[in-house]
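Fold and contact review
Residues per chain, in single letters:
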Amino acid sequence: MSDLILFWHRRDLRICDNIGLAAARQQSPKIVGLFCLDRHLLNLDDVAPARVTYMMGCLQKLQQSYAESGSQLLIIQDEPSEAIPRLATAINAKAVFWNLDVEPYAKKRDLAVSNALAQTGIQVKNFWDQLLHAPEEIRTGTGNPYTVYTPFWKKWNSLPKTQPVETLPIISLEEMTGLSAAEAEIARQAGAMEILPSARDLGFIWENPLLIEPGENAAQEKLEYFCDLAIYEYQDQRNFPIINGTSQLSPALKFGAIGIRTVWQATQILMDNCRNEEGRTNIRTWQQELAWREFYQHAMYNFPELADGPYRQAFKDFPWENDEKLFQAWCRGKTGYPIVDAAMRQLNQTGWMHNRCRMIVASFLTKDLIINWQWGEKYFMQKLIDGDLSANNGGWQWSASSGMDPKPLRIFNPVSQAQKFDPEGEYIRHWVPELRRVDTKLLLTGNILPLERKFLPYPDRVVDHNEQQRKFKELYKQQKIVD
DNA sequence: TGCACCTTTTG
DNA sequence: AAAAGGTGC
């Protein structure tokens, strides 16, 4: 029996601090990597060109790492449940290892692959890698999953976190690993390419510069950069979209270009060395964001129906108005509300939007335009470089008030939000250049003078905030009776 | 990681 | 009179 282990990468596009890969390496010196460009990943209409470009960049770096180790990262563009058993059998692998995921599609796909591999007698081993705590670990006193963030955070924070795992080199000089030339030919015949297609080859064209550099090294550098300074001011600075006060690690965390244990350890070291209370509070605030990420992933794992619609009954048959013209105005950043338009243009042009603005535009779409939050959820997935089902769905359900957390009906006021978080109008002026010369006070309220407006290529407000919020509350009141 | 509306405090 | 604080949705 060969001792070759096929390691299937999915949301763990890295070598370091990779639980499943480390386990594989412990069992065998001969590891071959695999990635499946399956239809779900590429053919749906909610895939963002920026995100695919980032992912392909990560794969390219990962392939280099494998090559430098004397092994290969094989690429399959086929149905995993057919292609993986076919490949594993052809190259005589003794086992296929992979790290688990929380998404409904991934769970279903993995089950099909596991079942198909069971038929061939090839061993399967799975690991939890992308979370600090696996879904089964976080349970209430009665053994149920949490549906509210704060008690989840308390439990999650109380549990000890594991250190990053050490990954032995995939190959050491004495042990020749990877596929031989003859085996590589067999792999080719089984449908595995060694040439990585570009995002463009796959039909995803991203013309603008990629905001975040792909790959493991770049992610590590981003973490170190953030931990140098910005994390100490995170709580104060994260709300201002003109400031680079956030980590921008979300694409790396989405695709596993960095290990979550590595991230946590970096914050803990800062925490242990930080002498002042204020610094620790800021670090803690960022750690809570990591907990939000896990909260939403656990929620998706435990309640997969979240992916298909609102959690709360009151929103199951909500009479959304779903006006196509208003939706187009929102998408294009032409609502006449400067902060909303600035944010949407940032998204369209860079594939990224500051989180404060994500909340503002989400509230605006749902509460002001009275459009189903799922339209916005999908549009974000079509644009975001860090688009992730659990985080995006969680965020949108939070904004729509349709999610699990019991909460007041949050209706953001786009004017007061702009006044609070872009007080000088710098962010607005950057992304809505036609308003550059408008007086700051008027810019923030959006009350551009009629005379000035005549000469600006900027739209009138598509709706009136006060009127719409009254209307929304009325609709909500009627729905709540059913709840 | 809300806002509106109210009361209390401050200068 | 403005700022700060409390409360209900």
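Now for a quick tour of the structure. Remember, predicted model here, so these are calculated numbers, not experimental data.

**Quick look at the nonpolar core**
Counting 127 residues, the largest nonpolar core has Met56, Trp330 and Val340 as the members making the most contacts within it. Discounting residues that sit within four places of it in the chain, Met56 has contacts with Leu37, Leu196, Pro197, Ser198, Ala199 and Leu202. Counting 24 residues, the second-largest nonpolar core is a separate cluster that includes Leu4, Leu34, Leu87 and Ile91.

**Structural notes on the pairing of strand S1 (residues 5-9)**
Of all five residues that make up S1, five are buried, and the element is covered over most of its length. Here S1 shows no split at all, with Ile5, Phe7 and His9 on one side and Leu6 and Trp8 on the other all buried. As judged from the five bridges shared by S1 and strand S2 (residues 31-36), these two strands associate in the parallel manner. Bridge pairing in S2 links Ile5 to Ile31. Handedness of the crossover joining S1 and S2 through helix H1 (residues 19-27) is recorded here as right-handed. The sheet contact formed by S1 and strand S4 (residues 95-99) spans four bridges and is parallel. From the neighbouring strand, Leu6 faces S4, where its bridge partner is Val96.

**Quick notes on helix H5 (residues 104-120)**
For H5, which comprises 17 residues, the first-to-last C-alpha distance of 25 Å matches the rise-based estimate of 24 Å (1.5 Å per residue) to within 8%. Taken as a whole, H5 has its buried residues at Ala106, Arg109, Asp110, Val113, Ser114 and Leu117. Down the axis of H5, the smallest arc covering the buried residues is 140°, so these residues share one side. Within H5, the exposed residues directed more than 90 degrees away from the buried face are Lys108, Leu111, Ala118 and Gln119. Where H5 is buried, its residues touch S1, helix H4 (80-90), S4 and strand S5 (123-127). Phi for Gly121, located one or two positions after H5, is positive at around 80°.

**Things to note about the packing of helix H6 (residues 149-158) against helix H12 (residues 277-302)**
Helix-helix packing is characterised by the crossing angle of the two axes and by the distance between the axes. At a minimum axis separation of 10 Å, H6 and H12 run at an interaxial angle of 110°. The orientation of H6 with respect to H12, classified from their angle, is roughly perpendicular. Contacts between H6 and H12 involve Tyr149, Phe152, Trp153, Trp156 and Asn157 from the former and Arg284, Gln287, Gln288, Ala291, Trp292, Glu294, Phe295 and His298 from the latter. The residue inventory of the contact of H6 with H12, partitioned by class, reads seven nonpolar, four polar and two charged.

**Points about the pairing of S4**
The buried fraction of S4 is high, at five of five residues. Residues Ala95, Phe97 and Asn99 of S4 are buried on one face, and the alternating residues Val96 and Trp98, pointing to the opposite face, are buried as well. Note: S4 against S5, five bridges, orientation parallel. Its bridge partner lying in S5, Phe97 is registered against Lys125. As for the winding sense of the linkage, the β-α-β connection from S4 through H5 to S5 is right-handed.

Procedures and definitions
Residues numbered from 1 in each chain as written. Chains lettered and ligands numbered in written order. Predicted model: local features only at pLDDT ≥ 70, side-chain atom pairs only at ≥ 80, totals over all residues. Heavy atoms only, no water. Core = buried A, V, L, I, M, F, W, Y, C linked by side-chain atoms within 4.5 Å. Buried < 20%, exposed > 50% of the residue type's maximum accessible area, 1.4 Å probe, protein only. Contact = heavy atoms within 4.5 Å. Helix = DSSP H or I, 4+ residues; strand = E, 2+ residues; numbered from the N terminus. Pairing = 2+ DSSP bridges. Right-handed = clockwise from strand over helix to strand, strands pointing away. Expected span 1.5 Å × (residues − 1). Arc of directions from axis to C-beta. Axes fitted to C-alpha atoms, helices over the stretch in contact; angles between N-to-C directions. Parallel < 35°, antiparallel > 145°, perpendicular 65-115°, else oblique. Nonpolar A, V, L, I, M, F, W, Y, C, P; charged D, E, K, R; others polar.

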